[in-house]
Amino acid sequence: LRTPLSTIRAAAGNLADPALDLHPQERRAAARAIDAEAERLNRMVGNLLDMSRIQGGALVPDIEVIPLDEILRPAVERARASTGDHRIDLDLPDDMPNLRADAALLDRVVSNLIENAVNHAGPGAPIRVSGEARGDDAVAIVVEDGGPGVPSQALPGLFDRFRPGTPTIEGQRRGFGLGLAIVEGFARAMGGAVSAEPSSLGGLAVTVAVPAAPMADPD
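Presented here is a report on the structure given in the accompanying data block. (Residues numbered from 1 in each chain as written. Predicted model: local features only at pLDDT ≥ 70, side-chain atom pairs only at ≥ 80, totals over all residues. Heavy atoms only, no water.)

Our next topic: the packing of helix α4 (residues 103-121) against helix α5 (residues 179-189). Between α4 and α5, the least distance of the axes is 9 Å, while the angle of their chain directions is 150°. It follows from the interaxial angle that α4 and α5 lie roughly antiparallel. In the packing of α4 onto α5, the handedness of the crossing is left-handed. Taking contact as the criterion, the partners of Leu105, Arg108, Val109, Asn112, Leu113 and Asn116 in α4 are, on α5, Gly179, Leu180, Ile182, Val183 and Phe186. Taken together, the residues of the contact of α4 with α5 sort by class into 7 nonpolar, 3 polar and 1 charged. (Axes fitted to C-alpha atoms, helices over the stretch in contact; angles between N-to-C directions. Helix = DSSP H or I, 4+ residues; strand = E, 2+ residues; numbered from the N terminus. Parallel < 35°, antiparallel > 145°, perpendicular 65-115°, else oblique. Left-handed = near helix turned anticlockwise from the far one by under 90°. Contact = heavy atoms within 4.5 Å. Nonpolar A, V, L, I, M, F, W, Y, C, P; charged D, E, K, R; others polar.)

If you want it as structure tokens, here you go:
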């Protein structure tokens with residue numbers, strides 16, 4: 001938490017110092033740094049609050065029947081708009097069954113997984129978000145990337161809380177170690193499960209399986 005706070009204080013101090021005659025471009029850069037680090041801090045605090053709800057048993061999902069398209073498509077479009085370094089593909093069959101989940105929690109799950117892929121796959125690495133039916137009882141959401149991946153020995157602890165991984169890209173921040181733990185907590189609260197394995201794209205694939213909604217009786 002001190003890292004973004006230090007950046008915010010330093011940038012704000014430069015803007016407020018009357019002895020510094022900053023060029024307008026430097027002022028805009030400082031303002032952008034403040035905005036970016038404040039948003040990062042906001043995400044960190046949100047993750048801490050979410051983890052507190054998960055650990056304290058205060059997370060009560062609002063389960064409803066949801067078409068998978070209504071979750072995946074907006075999440076992918078938001079991600080495409082916020083990053084220009086990655087191609088994010090959406091692979092969603094037309095005949096997908098509906099699922100039973102909390103729409104807000106599942107949106108956070110998918111958004112966290114895409115953000116994790118963007119942060120760790122490296123510039124230009126492809127990212128794919130897909131959905132598939134797992135029999136009649138479950139729907140699987142898979143977020144995978146073409147980055148450097150995760151060592152096989154690290155996969156069992158990937159969803160542990162407060163366990164930031166070693167950066168796989170030079171200059172990359174270690175992260176806070178909560179994003180994937182929250183994914184698992186939200187998934188379990190909705191009656192689902194998560195797993196991770198190497199991706200056919202070359203990096204990491206994370207699968208979230210949630211209950212499918214019963215098929216309507218044609219009669």
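Take the side chain of His86 next. Locating His86 in the fold gives a position in the loop between α3 (69-82) and β2 (88-91). A distance of 3.4 Å separates a polar side-chain atom of His86 from the backbone oxygen of Val118. Engagement of the side chain of His86 in a polar contact is seen with the backbone oxygen of Ala125, the distance being 2.9 Å. Not counting residues up to four positions away in its chain, the partners in contact with His86 are Val118, Ala121, Gly122, Pro123, Gly124, Ala125 and Ile127. (Polar contact = N/O pair within 3.5 Å; in protein donor to acceptor, adjacent residues only side chain to side chain.)

At a closest axis distance of 9 Å, the pairing of helix α1 (residues 2-16) and helix α2 (residues 24-55) adopts a crossing angle of 155°. Relative to α2, the element α1 is oriented roughly antiparallel. For the crossing formed where α1 meets α2, the hand is left-handed. Seen from α1, the contacting residues are Thr3, Pro4, Leu5, Thr7, Ile8, Ala11, Ala12 and Leu15; seen from α2, they are Arg27, Ala30, Ala31, Ile34, Glu37, Ala38, Arg40, Leu41 and Met44.

What follows is about the sheet that holds strand β6 (residues 193-198). The strand order across the open sheet formed by 5 strands is β2-β4-β5-β7-β6, and the pairing between neighbours is mixed. Where the open sheet ends on each side, the last strands, each with one partner, are β2 and β6. Sheet twist, expressed as the mean angle between neighbouring strand axes with direction ignored, is 20°. Relative to strand β5 (residues 138-145), strand β4 (residues 127-134) runs antiparallel, the two being bridged by 8 bridges. What sits directly across from Val129, in β5, is Val143. (Pairing = 2+ DSSP bridges.)

The next point concerns the nonpolar core. Ranked by size, the top nonpolar core spans 43 residues in total, and within it Leu68, Leu99, Leu106, Val109, Leu113, Ile114 and Val208 carry the most contacts. When contributions to this core are tallied by element, the ones reaching two or more residues are α3, β3 (99-101), α4, β4, β5, α5 and β7 (204-211). Looking at which element gives the most residues to this core, the answer is α4, with 7 residues. When sequence neighbours within four positions are dropped, the list of residues in contact with Leu106 reads Ile71, Leu99, Ala101, Ile141, Met190 and Val210. (Core = buried A, V, L, I, M, F, W, Y, C linked by side-chain atoms within 4.5 Å. Buried < 20%, exposed > 50% of the residue type's maximum accessible area, 1.4 Å probe, protein only.)

So, about α4. The first and last C-alpha atoms of α4 sit 27 Å apart over 19 residues, in line with the 27 Å expected at 1.5 Å per residue. Residues Leu105, Leu106, Val109, Val110, Asn112, Leu113, Ile114, Ala117 and Ala121 constitute the buried set of α4. The backbone nitrogen of Ala104 has a side-chain oxygen 3.0 Å away, supplied by the residue at the start of α4, namely Asp102. (Expected span 1.5 Å × (residues − 1).)

Summed over all chains, the structure comprises 7 salt bridges. A salt bridge links Arg188 to Glu184; the shortest N-O distance between them is 3.3 Å. With Arg188 and Glu184 both in helix α5 and 4 residues apart, the pair spans about one turn of that helix. (Salt bridge = Lys/Arg side-chain N within 4 Å of Asp/Glu carboxyl O.)

A word on the pairing of β7. For β7, the tally of buried residues reaches 6 of 8 residues, placing the bulk of the element in the interior. Two strands pair when backbone bridges link them, and β5 and β7 are joined in this way by 7 bridges, in the antiparallel orientation. Of the residues in β7, the one forming a bridge with Val143 is Val206. Alignment of β6 against β7, held across 6 bridges, turns out to be antiparallel. Its bridge partner lying in β7, Ala193 is registered against Ala209. Counting the residues between successive antiparallel strands, the hairpin from β6 to β7 contains 5 residues, one of them, Gly202, with a positive phi of roughly 115°.

Keep in mind these numbers describe shape, not what the thing actually does.
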